[in-house]
Amino acid sequence: SDLNALSSGMESARNWNNGYTVFTQGTLFDGNATTKSIFTQSSNVTLTYYQGTSITYCINAVSKARPAIKMYLNTASGNKEPKKGTC
C-alpha cells in the first residue's frame with residue numbers, strides 16, 4: 001500500500017542523495033512541492049513524516065475512511081515493514 005510505495009520512494013532518494021531526505025516533523029506526503037518528488041499519498045490515507053535522519057526515518061499512516069486504523073514505518077530497527085500503531 002502507500003507505506004510500501006513511500007518506502008520505495010525514500011530508498012530511491014537515499015540512493016541518489018547518499019542518505020534519506022529529512023523533512024520537518026508533521027510534513028504531509030500530499031503532493032506538496034516538498035514531498036511530491038518522493039511520493040504522493042492516495043486519496044484514502046494521510047501519510048505524515050514523524051522524524052528521521054539521513055540514515056533512518058519514521059512515517060505514520062492513517063486511514064481517512066477509518067481513522068482508528070493507524071500504521072507506521074520505522075527504519076531505525078532495520079525493519080522496513082509497516083506495523084500497527086504510530087511512531
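Here, every reference points to the structure presented above.
Calculation criteria
- Residues numbered from 1 in each chain as written.
- Predicted model: local features only at pLDDT ≥ 70, side-chain atom pairs only at ≥ 80, totals over all residues.
- Heavy atoms only, no water.
- Helix = DSSP H or I, 4+ residues; strand = E, 2+ residues; numbered from the N terminus.
- Buried < 20%, exposed > 50% of the residue type's maximum accessible area, 1.4 Å probe, protein only.
- Phe/Tyr/Trp six-rings, centres within 6.5 Å; stacked < 30°, edge-to-face > 60°.
- Expected span 1.5 Å × (residues − 1).
- Contact = heavy atoms within 4.5 Å.

Draft legend 1. View of unusual backbone geometry. You will see that Asn18, though not glycine, has its phi angle at about 65°, which is positive. Here Asn18 lies in the loop between helix 1 (2-17) and strand 1 (45-52). On the basis of relative accessible area, Asn18 is assigned to the exposed category, the value being 78%.

Draft legend 2. Expanded view of the packing of aromatic side chains. Here the structure, examined in full by the defined rule, presents three aromatic pairs. Ring centres of Phe23 and Phe29 lie 5.5 Å apart, and the angle between their planes is 80°; this geometry places the pair in the edge-to-face category. With respect to burial, Phe23 and Phe29 carry one shared label: buried. Geometrically, the ring pair formed by Phe23 and Tyr49 is edge-to-face, given 5.3 Å between the ring centres and 80° between the ring planes. With Phe23 in the loop between helix 1 and strand 1 and Tyr49 in strand 1, this pair connects stretches of sequence that are 26 residues apart. The exposure classification of Phe23 matches that of Tyr49, with both residues buried. The rings of Phe23, Phe29 and Tyr49 are connected pair by pair, giving a single aromatic cluster.

Draft legend 3. Looking closely at helix 1. Here helix 1 is 16 residues long and its end C-alpha atoms lie 22 Å apart, about the 22 Å a rise of 1.5 Å per residue gives. Of the positions making up helix 1, those classed as buried are Asp2, Leu3, Leu6, Ser7, Gly9, Met10, Glu11 and Ala13. Residues of helix 1 that are buried in the fold lie against strand 1, strand 2 (57-63) and strand 3 (70-74). Once helix 1 ends, the next one or two residues include Asn18, with phi positive near 65°.

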